[in-house]
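Descriptive structure summary
Residues per chain, in single letters:
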Amino acid sequence: GLRDVFALGDDAFADFISGIQFLPTTIMMVHLCPAGSEGASYAMFTTVNNSAYTLSAAISTVMLGIWDVSKETLMSGDVSGMTKLTILTTFIQVSGVLFVKLLPRTKEDLASLHADQYSGSKVGGFIFLTITFLSILYAVVVGVLNIVKPGWAGESR
């Protein structure tokens, strides 16, 4: 009934927002990359985007332990944990809007970012790649734990 629509609402909303913000962000990323490496930059950006999606699913599995959202609790009619968890995850998903002001407003702003001496930082690249690979590793570990030991994070089995 209505509870099912409520639970599906934030997922559909998040997919809609992700679709809207992916293309402009991709265009901005392509403009920032050096000439001739647009394909590699696009591949890197989509890898990060896809690994973030996988990481978010792993984190959401862990977040199930915050409030009681077990099958028994929901079947008894207590949906307070589901409501709180849905509100929290919706807020987290939409929180990216807070960073929109950090994006360049014009092509000239993009050009000045590209010309910045720190735009090709090796340390920044190392940190970026480390976070990306650790995120993928974390998502894989959580996925394997969900298969091998269901309920390890306290969620219902």
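**A word on the overall build of the protein chain**
A count of helices and strands for the protein chain gives 6 helices and 0 strands. Every one of the 157 residues in the protein chain was classed for burial, and the buried ones make up 18%. By element, 70% of the accessible surface of the protein chain is carried by carbon and sulfur atoms, the whole surface being about 11,400 Å².

**Description of the packing of helix α2 (residues 38-63) against helix α6 (residues 122-148)**
The N-to-C vectors of α2 and α6 enclose an angle of 40°; their axes lie 9 Å apart at closest approach. Considering their axes alone, α2 and α6 lie oblique with respect to each other. Crossing hand, α2 versus α6: left-handed. Contacts between α2 and α6 involve M44, V48, S51, T54, L55, A58, I59, T61 and V62 from the first element and F128, T132, S135, I136, Y138, A139, V142 and N146 from the second. Taken together, the residues of the contact of α2 with α6 break down into 11 nonpolar, 6 polar and no charged.

**Regarding a nonpolar patch on the surface**
Together, M44, F128, L129, F133, I136, V140, V144, I147 and V148 make up an exposed nonpolar region whose accessible area comes to about 830 Å². Positionally, V148 belongs in helix α6.

**With respect to the environment of G81**
Within the fold, G81 resides in helix α4 (residues 80-94). Overall, the relative accessible area of 4% leaves G81 in the buried class. It is 9.9 Å that separates the C-alpha atoms of G81 and G65, two residues lying 16 residues apart in sequence. Filtering out sequence-adjacent residues up to four positions away, G81 remains in contact with W67, D68 and V69.

**Describing the environment of S41**
Within the secondary structure, S41 is located in helix α2. With a relative accessible area of 13%, S41 lands in the buried category. On a C-alpha basis, the gap between S41 and M29 in space is 7.3 Å, while along the polypeptide they are 12 residues apart.

**A word on α6**
Taking 1.5 Å as the rise per residue, α6 with 27 residues should run 39 Å; its terminal C-alpha atoms sit 38 Å apart, in good agreement. All of the buried residues in α6 are T132, S135, A139 and V142. Against the buried residues of α6 lie α2.

**Remarks on the side chain of T73**
By the secondary structure assignment, T73 is in helix α3 (residues 71-75). Those residues in contact with T73, other than ones at most four positions away along the chain, are D68 and D78.

**Topic: the side chain of T46**
Inspection of the secondary structure assignment puts T46 in helix α2. Residue classification places T46 among the buried positions, given a relative accessible area of 17%. Only 3.0 Å separates the side chain of T46 from the backbone oxygen of A43, close enough to count as a polar contact.

Calculation rules
- Residues numbered from 1 in each chain as written.
- Predicted model: local features only at pLDDT ≥ 70, side-chain atom pairs only at ≥ 80, totals over all residues.
- Heavy atoms only, no water.
- Helix = DSSP H or I, 4+ residues; strand = E, 2+ residues; numbered from the N terminus.
- Buried < 20%, exposed > 50% of the residue type's maximum accessible area, 1.4 Å probe, protein only.
- Areas by Shrake-Rupley, 256 points an atom, 1.4 Å probe, with all protein chains shown as cover.
- Axes fitted to C-alpha atoms, helices over the stretch in contact; angles between N-to-C directions.
- Parallel < 35°, antiparallel > 145°, perpendicular 65-115°, else oblique.
- Left-handed = near helix turned anticlockwise from the far one by under 90°.
- Contact = heavy atoms within 4.5 Å.
- Nonpolar A, V, L, I, M, F, W, Y, C, P; charged D, E, K, R; others polar.
- Patch = residues over 30% accessible without salt bridge, like charges linked within 9 Å, V, L, I, M, F, W, Y side chains within 5 Å.
- Salt bridge = Lys/Arg side-chain N within 4 Å of Asp/Glu carboxyl O.
- Expected span 1.5 Å × (residues − 1).
- Polar contact = N/O pair within 3.5 Å; in protein donor to acceptor, adjacent residues only side chain to side chain.

Structural measurements only, silent on function.
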